[in-house]
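# Coordinate analysis (summary)
Okay, here's what each chain looks like letter by letter:
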Amino acid sequence: MTSVYGPVADWQSDFDHADPEYNRNIHAIWEDLKAAGCPIARTERYGGAWLPLTHEMVHEIAYDTDHFTSRTVVVGQIKPHEVDHLPEFASPPAPIGGAPPITSDPPFHQHARRLLLPAFAPKKIDPLRPEIERMCNELIDKMGDKDAVDAAVEYSQHIPVMIIAHMLGLPLEDADRFRSWVHLVLESVNAPREEREGRFHEFNEYLETHIRDHIENPREDLINDLLNAELMGTKLTSEMVGGMVTLILIAGIDTTWSGIGNSIWHLATNAVDRRRLAANPDMIPVAVEEFLRAYAPVTMARLVTEDHEFHGVQMKQHDWVLLPFPAANRDPEQFENPTEVVIDREVNRHSAFGLGIHRCIGSNLARLEMNVAVKVFLERFPDFELVTDEETVWSTGQVRGPRRLPVRVLSRR
Amino acid sequence: MRVRVDSSKCQGHNRCYALAPELFDVDDLGNASELNDGVVPAGLEDKARLAAANCPEFAIIIEE
Ligand code: HEM
Ligand code: SF4
């Protein structure tokens, strides 16, 4: 896929977070920027965007919902205010946005958020453990006795989709379609616009059909709960239900798939940590937190609401601002030896799941899936290694994780 | 030792509950609270410190 913007000339003044080079060399790019005395990079691509790199800045932006709106959290070629006058493209304005609560600002945000929180509370999520364990084992059974397996294609990408489809009440046979829409929303942000629009249309039609089916044939699942839920005294419109379902599909699939893939990538490239965890599975929960810190999958975005100065740069209304939680997690002001992966790190206030009011609603589920997926992989493949760097393919855009991850199995059970 | 959750900062990351369920609880909406009025039973001081050291929002206060 080629970017409409062409190759990056300079990461300080012309960055492109959706250029394949960015996710491939993300840590070196940040280190170079910081070494050049640049804590906040700029680009004129996408109509103008900023990339702050310190924990302090990321924290401040996440908390300052007055200057930074969530109306659109994925940087795109078109800014919402540019199409507000075109009914076929316009998205609902702040404080609601197209996919509440992630696109919402206070005071509306908390009302939408409350509708989703109970379904993802620890006491609801913890009982899913045996089911996830069974799924992970089944995926490994299917691999047979090949010398090399693709830990992304044959393993990580399936786990979150199965759980999300089940929770929402959507057919699991459509898993490939869900993944292709997730790709559309998150990865191909710099592809030609006409290609993108037709696919969006298809996605919306799919959701409308299934929501209509849920209205006609009620059953017990999250779509049903949302259709019956009340928000500030009135039932949700089917558009709003559609927006929330989109959010859960998009937010729940790619992210966790990346989190599992990043963890396996680390283990495949680090024999000491791999053997230590295989021998001491009770260390996995703490190690997963360290993988979440060091390889946080998700960068969010905000739009600037009014011209203002921010840490010495002049931000303009409608500028995009990326919110790279992964960079905040490697800030030496917050973490000792931030570039080192320490699988038994004790002090770990990482922000992989965000900071402030938008804290990831799915964090309990994502953590459970990552813990089980890593545990089962190590149980079944106590030793394995990366086939080659070249064959590892990274995602592009705001969610970072391996999309191809061939590993050689050195021992199996 | 006592622990306290600053509810104006807590965003429900649930790290405290995962690391020290003897000391914290979380409700359906993700709000954490301290159990037993925040009194930390003898022997659980390290767990209390660990929970505080892993709260991303700096919402856990320890009073020694
Ligand atoms: C490792 C996996 C995951 C990571 C790293 C992750 C990360 C994040 C981050 C950083 C945010 C903050 C957004 C912002 O500040 O604008 C967020 C929000 C959200 N996430 Fe996740 N997420 C993951 C998995 C999931 C899963 C499995 C689900 C649901 C099934 C989910 C649902 C949501 C929702 C609904 C929000 C919006 C919350 C709000 O705006 O109040 N996420 N996630
Ligand atoms: S870890 Fe911090 S933010 Fe998370 S629930 Fe506990 S007190 Fe709240």
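Residues numbered from 1 in each chain as written. Chains lettered and ligands numbered in written order. Predicted model: local features only at pLDDT ≥ 70, side-chain atom pairs only at ≥ 80, totals over all residues. Heavy atoms only, no water.

Moving on, we come to the overall build of chain B. The helix and strand tally for chain B stands at two helices and four strands. When the helices and strands of chain B are placed in sequence order, the string is β-α-β-β-α-β. In terms of overall size, chain B behaves like a compact globule, its C-alpha atoms giving a radius of gyration of 10 Å where 64 residues would be expected to give roughly 11 Å. With respect to the three principal axes, the spread of C-alpha positions in chain B is 30 × 20 × 15 Å. Taking the contacts inside chain B whose residues are at least 6 apart along the sequence as the reference set, 59% of them involve residues at least 24 apart. In the structure as shown, chain B presents an accessible area of about 3100 Å², 48% of it carried by carbon and sulfur atoms. Each charge class in chain B can be summarised by its mean position, and for the 6 positive and 12 negative side chains these summaries are 5 Å apart. (Helix = DSSP H or I, 4+ residues; strand = E, 2+ residues; numbered from the N terminus. Rg over C-alpha atoms; globule rule 2.2 N^0.38 Å. Contact = heavy atoms within 4.5 Å. Areas by Shrake-Rupley, 256 points an atom, 1.4 Å probe, with all protein chains shown as cover. Lys, Arg positive; Asp, Glu negative; His and termini not counted. Charge placed at Lys NZ, Arg CZ, Asp CG, Glu CD.)

A few words now on the coordination of the iron atom of ligand 1. Within the protein, just one atom coordinates the iron atom of ligand 1: A:Cys360 (SG), at a distance of 2.3 Å. By the element assignment, A:Cys360 lies in the loop between α15 (325-328) and α16 (363-380). (Donors = N, O, S within 2.8 Å, 3.2 Å for Na, K, Ca; no water.)

Residue and element names in this part refer to chain A. Taken together, 26 residues lie near ligand 1, and His109, Arg113, Arg302, His358 and Cys360 sit nearest. Mapped by element, the contributors of at least two residues to the shell around ligand 1 are α4 (108-116), α12 (238-269) and β7 (300-304). Class assignment of the residues belonging to the shell around ligand 1 gives a composition of 16 nonpolar, seven polar and three charged. (Near = heavy atom within 4 Å. Nonpolar A, V, L, I, M, F, W, Y, C, P; charged D, E, K, R; others polar.)

What follows concerns the site of ligand 2. Taken together, the residues surrounding ligand 2 are B:Val5, B:Cys10, B:Gln11, B:Gly12, B:His13, B:Asn14, B:Arg15, B:Cys16, B:Ala32, B:Cys55, B:Glu57 and B:Ile60. In terms of residue class, the shell around ligand 2 is built from six nonpolar, four polar and two charged.

What links the strands of a sheet is backbone hydrogen bonding, and the strands pair in either a parallel or an antiparallel sense. Residues and elements named next belong to chain A. Pairing within the open sheet is mixed, and its five strands lie in the order β1-β2-β10-β7-β3. Each having just a single partner strand, β1 (40-43) and β3 (68-69) make up the two edges of the open sheet. As judged from the four bridges shared by β1 and strand β2 (residues 49-52), these two strands associate in the antiparallel manner. Directly across from Arg42, in β2, lies its bridge partner Trp50. Contacts from helix α3 (residues 55-63) reach β1, β2, β3, β7 and β10 (320-323), with the element oriented near 120° to β10. (Pairing = 2+ DSSP bridges. Axes fitted to C-alpha atoms, helices over the stretch in contact; angles between N-to-C directions.)

Chain-level pLDDT for chain B is 95 on average; 100% of the residues reach the 70-or-more range. Interface scoring of the predicted complex returns ipTM 0.94; its pTM is 0.95. (pLDDT = per-residue confidence, 0-100.)

On to α3(A). For α3(A), the full list of buried residues reads A:His55, A:Met57, A:Val58, A:Ile61 and A:Ala62. The buried residues of α3(A) occupy an angular sector of 165° when projected down its axis, which confines them to one face. (Buried < 20%, exposed > 50% of the residue type's maximum accessible area, 1.4 Å probe, protein only. Arc of directions from axis to C-beta.)

Residues and elements named next belong to chain B. Summarising the element assignment, Asp46 is placed in helix α2 (residues 45-53). A residue is classified by how much of its surface remains accessible, and Asp46, at 57% relative accessible area, is exposed. Between the alpha carbons of Asp46 and Ala20 there is a distance of 9.7 Å; along the sequence they are 26 residues apart. Among the polar contacts listed, one links the side chain of Asp46 to the side chain of Arg49, at a separation of 3.0 Å. (Polar contact = N/O pair within 3.5 Å; in protein donor to acceptor, adjacent residues only side chain to side chain.)

Residues and elements named next belong to chain A. Counted under the stated rule, the structure contains 12 aromatic pairs over all chains. Between Phe178 and Trp181, the aromatic rings sit 6.5 Å apart at their centres with planes inclined by 40°, giving tilted as the arrangement. You can see Phe178 and its partner Trp181 sitting in helix α9 (residues 175-186), three residues apart, about one turn around the helix. Residue classification places Trp181 among the buried residues on the basis of a relative accessible area of 1%. Here the aromatic rings of Phe377 and Phe384 are separated by 5.0 Å at their centres, their planes lie at 90°, and the arrangement is edge-to-face. A relative accessible area of 1% places Phe377 in the buried class. According to the relative accessible area criterion, Phe384 is buried, its value standing at 0%. A network of ring pairs unites the aromatic residues Tyr155, Phe377, Phe381 and Phe384 as a single cluster. Sitting over the face of the ring of Trp394, Arg400 holds its NZ or CZ atom 4.0 Å from the ring centroid. The side chain of Arg403 reaches across the aromatic face of Trp257, ending 4.1 Å from its centre. (Phe/Tyr/Trp six-rings, centres within 6.5 Å; stacked < 30°, edge-to-face > 60°. Lys NZ or Arg CZ within 6 Å of the ring centre and 35° of its normal.)

Right, let's talk about the environment of B:Glu57 for a bit. Residue position: B:Glu57 is located in the loop between α2 and β4 (60-63). As a C-alpha pair, B:Glu57 and B:Ala42 span 15 residues in sequence and 26 Å in three-dimensional space.

Here the focus is unusual backbone geometry. Each neighbour pair has its own omega, and for A:Ala94 with A:Pro95 the value is 5°, a cis peptide bond. By the element assignment, A:Pro95 lies in the loop between β3 and α4. With omega at 0°, the peptide bond leading from A:Pro100 into A:Pro101 counts as cis. Examined against the element boundaries, A:Pro101 turns out to sit in the loop between β3 and α4. For A:Asn337, which is not glycine, the phi dihedral falls at a positive 40°. Relative to the helices and strands, A:Asn337 resides in the loop between α15 and α16. On the basis of relative accessibility, which here comes to 46%, the residue A:Asn337 falls in the partly exposed class. Phi at B:Asn36 takes a positive value of approximately 55°, unusual for a residue other than glycine. Considering the arrangement of structural elements, one finds B:Asn36 in the loop between β3 (32-34) and α2. In this structure B:Asn36 comes out as exposed when scored by relative accessible area, which is 54%.

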